[in-house]
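Each chain, written out:
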Amino acid sequence: MRFGIISTADIGVESVIPGIVASDHEVGAIASRDEAAAESVADRFDVESAYGGYDAMLDDESLDAVYVPLPNGLHAEWIRAAADAGLHVLCEKPLTGSAEETAAAFDYCEERGVTLMEAFMYRFHPLTERAAEVVDEELGEVRAVTSAFTFRMPDGAEDIRLDPDLDGGSVLDVGTYAVSAARLFLGEPDRVYARTHDGRDCGVDTEMAGVLEYDSGASARVQSGFETPLTQYYRVETTDGWLRAEPTFDVDVEGETSLTYAVDGREVTETFDPADHYRLEVEHFADCVASGETPRVDREESVNHARVLDAVFRSAERGEPVTVEN
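Below, the structure is looked at part by part. The structure presented is a predicted model; accordingly, all values stated were derived computationally and were not measured. (Residues numbered from 1 in each chain as written. Predicted model: local features only at pLDDT ≥ 70, side-chain atom pairs only at ≥ 80, totals over all residues. Heavy atoms only, no water.)

**Considerations on the sheet that holds strand E13 (residues 257-263)**
Convention followed: Strands are labelled as partners when DSSP assigns at least two bridges between them. Secondary structure counts use DSSP, requiring at least four H or I residues in a row for a helix and at least two E residues in a row for a strand, with both numbered from the N terminus. Note on definitions: a residue-residue contact is assigned when non-hydrogen atoms from the two residues lie within 4.5 Å. Lines are fitted to the C-alpha atoms to define the axes, a helix being fitted only along its stretch in contact, and any angle between axes, read from their N-to-C directions, falls within 0 to 180 degrees.
The mixed open sheet is built from 9 strands, whose spatial order is E14-E13-E12-E11-E7-E10-E9-E8-E15. Of all the strands in the sheet, the pair left with one neighbour each is strand E14 (266-272) and strand E15 (322-323). In the packing of helix H9 (residues 299-318) onto the sheet, contacts are made with strand E8 (191-197), strand E9 (207-213) and E15, and the angle to E8 comes to roughly 65°.

**Description of unusual backbone geometry**
Cis peptide bonds are those with omega within 30 degrees of zero, and the linkage from lysine 93 to proline 94 qualifies with -15°. For proline 94, the position within the fold is in the loop between strand E5 (88-92) and helix H5 (99-111). With an omega dihedral of -5°, the bond running from glutamate 246 to proline 247 counts as a cis peptide bond. We note that serine 7 has phi near 100°; this positive angle belongs to a residue other than glycine.

**Structural notes on the pairing of strand E12 (residues 241-245)**
Selection rule: Per-residue accessibility, obtained with a 1.4 Å probe over protein chains only, is compared with the maximum for each type, and a residue is labelled buried under 20%, exposed over 50%, and partly exposed between these values.
Burial along E12 is one-sided: Gly241, Leu243 and Ala245 are buried, while Trp242 and Arg244, pointing the other way, are not. The pairing of strand E11 (residues 227-238) with E12 spans 5 bridges and is antiparallel. Within E12, the residue paired with arginine 235 across the bridge is arginine 244. Adjacent in sequence and paired antiparallel, E11 and E12 are bridged by 2 residues. The pairing of E12 with E13 spans 5 bridges and is classified as antiparallel.

**Notes on the sheet that holds E5**
What holds strands together in a sheet is hydrogen bonding between their backbones, with the strands either parallel or antiparallel. A sheet is described by the order of its strands in space; here 6 strands give the open sequence E3-E2-E1-E4-E5-E6, paired in parallel fashion. Both edges of this open sheet fall to strand E3 (49-51) and strand E6 (116-119), since each of them pairs with a single strand only. Adjacent strand axes in the sheet meet at a mean angle of 25°, parallel and antiparallel pairs treated alike. Strand direction decides the pairing type here: E5 and E6, joined by 4 bridges, are parallel. In the strand pairing of E6, leucine 90 is matched with methionine 117. Docked against the sheet, helix H1 (residues 10-22) engages strand E1 (2-6), strand E2 (26-31), strand E4 (65-68) and E5, running at close to 155° with respect to E2. Strands in contact with helix H2 (residues 35-45) are E2 and E3; relative to E3, the strand with the most contacts, it is inclined by about 160°.

**Quick word on the pattern of salt bridges**
As a reminder, the rule being used: Between Lys or Arg on one side and Asp or Glu on the other, a salt bridge is scored when a side-chain nitrogen of the former is within 4 Å of a carboxyl oxygen of the latter.
In total, this model carries 26 salt bridges according to the counting rule given. The partner of aspartate 215 in a salt bridge is arginine 191, and the shortest N-O contact between them spans 2.8 Å. Remark: arginine 191 occurs in strand E8 and aspartate 215 occurs in the loop between E9 and strand E10 (219-225); sequence separation between them is 24 residues. Residue arginine 191 is classed as partly exposed on the basis of its relative accessible area of 27%. As a salt-bridge pair, glutamate 227 and arginine 200 come within 3.0 Å of each other at their nearest N and O atoms. Linking glutamate 227 in strand E11 with arginine 200 in the loop between E8 and E9, this pair joins segments that are 27 residues apart in sequence. One salt-bridge network, in which partners are shared between bridges, spans Lys93, Asp159, Arg161 and Asp173.

**What to know about the packing of aromatic side chains**
The following threshold applies: Working definition: a ring pair exists when centres of Phe, Tyr or Trp rings (six-membered ring for Trp) sit within 6.5 Å. Plane angles under 30 degrees give stacked, over 60 give edge-to-face, the rest tilted. Remark: a charge is flagged as sitting over a ring if the NZ atom of Lys or the CZ atom of Arg is within 6 Å of the ring centre and within 35 degrees of the ring normal.
Within the structure shown, the criterion is met by 12 aromatic pairs. Summarising the aromatic geometry, the rings of tyrosine 122 and phenylalanine 249 are spaced 5.1 Å apart at their centres and angled 80° between planes, so their arrangement reads as edge-to-face. Taken together, the residues tyrosine 122 in the loop between E6 and helix H6 (126-137) and phenylalanine 249 in the loop between E12 and E13 connect sequence positions 127 residues apart. Its relative accessible area of 1% is what places tyrosine 122 among the buried residues. An aromatic cluster is built from Phe120, Tyr122, Phe149, Tyr177, Phe185, Tyr234 and Phe249, whose rings are joined through pairwise contacts. It is arginine 235 that lies over the ring of tryptophan 242; its NZ or CZ is 4.5 Å from the centre.

**Points about the nonpolar core**
Put simply, the test is: In plain words, nonpolar cores are sets of buried Ala, Val, Leu, Ile, Met, Phe, Trp, Tyr and Cys residues tied together by side-chain atoms within 4.5 Å.
The biggest cluster of nonpolar side chains holds 74 residues, and the ones touching the most others in it are Tyr234 and Leu243. Considering each element in turn, this core owes the most residues, 7 residues, to helix H7 (residues 175-186).

**Topic: the packing of H1 against helix H8 (residues 277-291)**
What counts here: Angular relationships are summarised with four words: roughly parallel below 35 degrees, roughly antiparallel beyond 145, roughly perpendicular across 65 to 115, and oblique for the angles in between. Working rule for handedness: look at the near helix, and if it is turned counterclockwise from the far one by less than a right angle, call the crossing left-handed; if clockwise, right-handed. As a working rule, the residues Ala, Val, Leu, Ile, Met, Phe, Trp, Tyr, Cys and Pro are called nonpolar, Asp, Glu, Lys and Arg charged, and the rest polar, with Gly in that last group.
Remark: H1 packs on H8, axes separated minimally by 8 Å, with the N-to-C direction vectors making an angle of 60°. One element, H1, and the other, H8, form an angle in the oblique class. Of the two elements, H1 crosses H8, and the hand of that crossing is right-handed. Seen from H1, the contacting residues are Ile11, Ser15, Val16, Gly19, Ile20 and Ala22; seen from H8, they are Tyr278, Arg279 and Val282. When its residues are assigned to classes, the contact of H1 with H8 shows 6 nonpolar, 2 polar and 1 charged.

Bear in mind that shape data such as this cannot, by itself, settle questions of function.
Right, here's the structure in full:
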């Protein structure tokens, strides 16, 4: 599969393009509003074509798919543009800024016969896959999950993640991982109670703390933010034990990872060799396009995830728990 890369965003240049290059697939083109920037990245990775505009690249008939790492508020527009060009779409999380818009994006792609997948790379790391397996097969009923992803953004930073016009904020950045992990282990919550804080007077949340509530009495505590040092972990509490992993989301592709779990008084630590979860994500996406199978992160997963994020914002605005809308 030949990918076109829409923009020279850091996550694409530093993580996804190397992942594609390491796979059996290739980057055929890259586009930027700054043609010189596109040419620089193309030279670095020996990419055949560089374009000084996104539309120009979408006209490249040699491409099969695009990867979209644009600011959140631009995702929906360029998902539609790529689908109009008949290109399959791997798009960074969050797919869009709302459940309604996410469902509409899938409708649009389905009508044009192209595959759309939200790029939650951590779901493809052996650490995550094994954690889900342990919780499902070796531990008892899950009663609580704690999941957090925070980092300290420099004071005075001029960052697109602080721009309300581009759907910025910690919830739609690192918060997506915390919520995703809670849902991975506990499923879809019935209610959400969340608080957010704009610590930089920028118009978006820079911190979030929330509780996902379940009719079974189980709960998940989720946290995201740009104001405290780097942390990324989850812990799962069950009726007969627990599981914890750290780091869990944006892990070093060249470093080992591990998880520890305890059940019935027995504690186990499992270590995983370095793995490029970006490469694994790309390979899964390409395999699904080729076979016509539904991706692991499919329409149902992405729309349900967006519904919970919507509830986080509604709860924070109202200052009270809200029901997750179906």
